[in-house]
Structure formats: C-alpha cells, structure tokens
Amino acid sequence: MTEPLVDLPTTDAEWRVRLSPEEFRVLRRAGTEAPWTGEYVSTKTAGVYNCRACGAQLFESSSKFDSHCGWPSFDDAIPGTVKEIEDRSLGMVRTEIRCARCDSHLGHVFRGERMTDKDTRHCVNSLSIRLDPASS
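First things first, this report covers the structure right here in the doc.

The rules we used
- Residues numbered from 1 in each chain as written.
- Predicted model: local features only at pLDDT ≥ 70, side-chain atom pairs only at ≥ 80, totals over all residues.
- Heavy atoms only, no water.
- Helix = DSSP H or I, 4+ residues; strand = E, 2+ residues; numbered from the N terminus.
- Rg over C-alpha atoms; globule rule 2.2 N^0.38 Å.
- Buried < 20%, exposed > 50% of the residue type's maximum accessible area, 1.4 Å probe, protein only.
- Contact = heavy atoms within 4.5 Å.
- Areas by Shrake-Rupley, 256 points an atom, 1.4 Å probe, with all protein chains shown as cover.
- Core = buried A, V, L, I, M, F, W, Y, C linked by side-chain atoms within 4.5 Å.
- Pairing = 2+ DSSP bridges.
- Axes fitted to C-alpha atoms, helices over the stretch in contact; angles between N-to-C directions.
- Phe/Tyr/Trp six-rings, centres within 6.5 Å; stacked < 30°, edge-to-face > 60°.

## Looking at the overall build of the protein
Along the protein, the regular secondary structure elements total 2 helices and 9 strands. Starting at the N terminus and ending at the C terminus, the protein contains elements arranged as α-α-β-β-β-β-β-β-β-β-β. Computed over its C-alpha atoms, the radius of gyration of the protein comes to 14 Å, within 12% of the 14 Å expected for a compact globule of 136 residues. For the protein, the spread of C-alpha atoms along the three principal axes comes to 45 × 40 × 30 Å. Split into buried and exposed, the 136 residues of the protein put 49% on the buried side. Counted over contacts in the protein with a minimum sequence separation of 6, partners at least 24 positions apart contribute 53%. When the accessible surface of the protein is summed, it comes to about 7400 Å², and 50% of that surface belongs to carbon and sulfur atoms.

## Section: the nonpolar core
In this structure, Leu58 and Phe59 are the most contacted members of the largest nonpolar core, which totals 23 residues. For this core, the elements supplying multiple residues, two or more each, are α2 (21-27), β1 (47-51), β2 (57-60), β6 (94-99), β7 (105-111) and β9 (129-133).

## Notes on the pairing of β6
Of all the 6 residues making up β6, 5 are buried; the element is thus mostly covered by neighbouring parts of the structure. Here strand β5 (residues 82-87) pairs with β6 via 6 bridges, running antiparallel. The partner of Glu84 across the bridge, within β6, is Ile97. Remark: 5 residues form the turn of the hairpin made by β6 and β7, two consecutive strands paired antiparallel; Asp103 in that turn has positive phi of roughly 65 degrees.

## Topic: the sheet that holds β2
Strand order in the open sheet formed by 3 strands is β2-β1-β9, and the pairing between neighbours is antiparallel. Looking at which strands have only one partner, the edges of the open sheet turn out to be β2 and β9. Across the sheet, the mean angle separating the axes of adjacent strands is 30 degrees when strand polarity is ignored. One ladder, built from 5 bridges, connects β1 with β9; its direction is antiparallel. When the bridges of β9 are listed, Tyr49 appears paired with Leu131.

## Some details on the pairing of β2
Alignment of β1 against β2, held across 3 bridges, turns out to be antiparallel. Paired with Asn50 across the two strands is Gln57, which belongs to β2. Here β1 folds back onto β2, and the loop between the two strands holds 5 residues, one of which, Gly55, carries a positive phi near 90 degrees.

## Description of the packing of aromatic side chains
Under the definition given, this model contains 3 aromatic pairs. Geometrically, the ring pair formed by Tyr40 and Tyr49 is edge-to-face, given 5.4 Å between the ring centres and 85 degrees between the ring planes. Each member of the pair Tyr40 and Tyr49 is classed as buried. Through a chain of ring-to-ring contacts, the aromatic side chains of Tyr40, Tyr49, Phe59 and Phe74 assemble into a single cluster.

Structure below.
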C-alpha cells in the first residue's frame, strides 16, 4: 500500500517538485485530461485507488464501473476521503470532487444518471489517482 506523505506541500513551488507538469495542472489547477487518454479508463485490476498527490486512499476498485464517458468512474468513494464543492465554471453548475486530505482536484460527481444502483458517478482523472493493486 502507498503511504500518504507525512508533510504536505503548502506552496505551488513545493507541489511542482512532487508532481509532473500534467499532474500539477490537473491536481492543483483543476484541469482535465483528455477523454479516453487516462491509464485507468479501462482498468479492471483489483485494489485501491489513492490520491496521486498525497497517497490517501480514495476509491476501492469494487466501486469502479464502465460508464463509457472517457474517464474512470466510481459509484462510491471511501467514506470521508472526498469532499464536494460547487463548481460554476464553464457556464453550468457541477459538483467538483477534491481529496479531503490535500485538497487536490479529482474530477466531478454526477447523480441521477441511473448508471448504477447507487445512482452516482465519480468521474475522475487518471492523473489524479494511482492504483495500489491488491496482493494476490
């Protein structure tokens, strides 16, 4: 399992040392990776998805499902690990999801689409997460 960082960066300069330019753009500037380009879009590997910025556990692979939207989708987060923030960018109201530990951007959450029994889709950038595969 990936251990979370003990000391979280507090400045952009510190985050830039720990993250690649693309990770920084997505995680710290609320960017979005292009659809169908992320490494976890089609992944079926069992394990836990951790925040790529701080290592906090966010999603279990058992909650991942094929939404055919171009990004990894989860119908549930590990309780207490993801916070929701109203996002009025792009001329619409959406709900942004961020890591509760380090406040990094993960993606958006959508409800009412009837894709799963939980009726929730956490649409997450692959650049925001890292899979910690289950041991065999």
